Amino acid sequence: MVKHIILWTLNPELSEEEKKQVKMGIKQGLEGLKGQVPGLLDVVVNIDGRLASSNCDVMLDSTLESEEALKAYAVHPAHVAVADTKVRPYTVQRTCLDFEV
């Protein structure tokens, strides 16, 4: 199995209300991929409970069957659609950690 962890920083020009809406859109979009993308076993998007010591806004914690499944996930049309409409337009920084478990 493979863990795919992403941390995003939202555009600081967004208002607090816009950030709240964007976070919810990211959460709904990415968590909605479970059952649509082959090999995606689990996906959780954390948008709440952020402490002041944090330096990012949103975390994706996902588990995939294999490295091959991760590669297929990256180009799957449903994932690309979420990334292009819910994530990329509103984020200024992305950090990724992929590892085998």
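Please read these numbers as outputs of a predicted model, since none were measured by experiment.

**Digging into the environment of Val87**
Step number 1: With respect to the helices and strands, Val87 occurs in helix H3 (residues 77-87).
Step number 2: Look at Val87 and you get buried, because its relative accessible area is 4%.
Step number 3: Placed 60 residues apart in sequence, Val87 and Lys27 show a C-alpha to C-alpha distance of 9.7 Å.
Step number 4: Dropping the residues within four chain positions of it, Val87 is found in contact with Trp8, Ile26, Leu30 and Val82.

**Description of the environment of Phe99**
Step number 1: Along the polypeptide, Phe99 turns up in strand S4 (residues 91-100).
Step number 2: With 94 residues separating them in the primary sequence, Phe99 and Ile5 have C-alpha atoms 8.7 Å apart.
Step number 3: Ignoring anything within four residues of it in the chain, the contact list for Phe99 reads Met1, Val2, Lys3 and Ile5.

**Brief notes about the nonpolar core**
Step number 1: Within the largest apolar cluster, 23 residues are counted, with the highest numbers of intra-cluster contacts made by Trp8, Ile26, Leu30, Leu33, Leu60 and Tyr73.
Step number 2: Elements that contribute at least two residues to this core include exactly strand S1 (2-10), helix H1 (16-31), strand S2 (40-46), strand S3 (58-64), helix H2 (67-75) and H3.
Step number 3: Element by element, the count of residues in this core is highest for S1, at four residues.
Step number 4: Excluding its chain neighbours within four sequence positions, the residues that come into contact with Ile26 are Trp8, Leu10, Val45, Val58, Lys86 and Val87.

What counts and how
Residues numbered from 1 in each chain as written. Predicted model: local features only at pLDDT ≥ 70, side-chain atom pairs only at ≥ 80, totals over all residues. Heavy atoms only, no water. Helix = DSSP H or I, 4+ residues; strand = E, 2+ residues; numbered from the N terminus. Buried < 20%, exposed > 50% of the residue type's maximum accessible area, 1.4 Å probe, protein only. Contact = heavy atoms within 4.5 Å. Core = buried A, V, L, I, M, F, W, Y, C linked by side-chain atoms within 4.5 Å.

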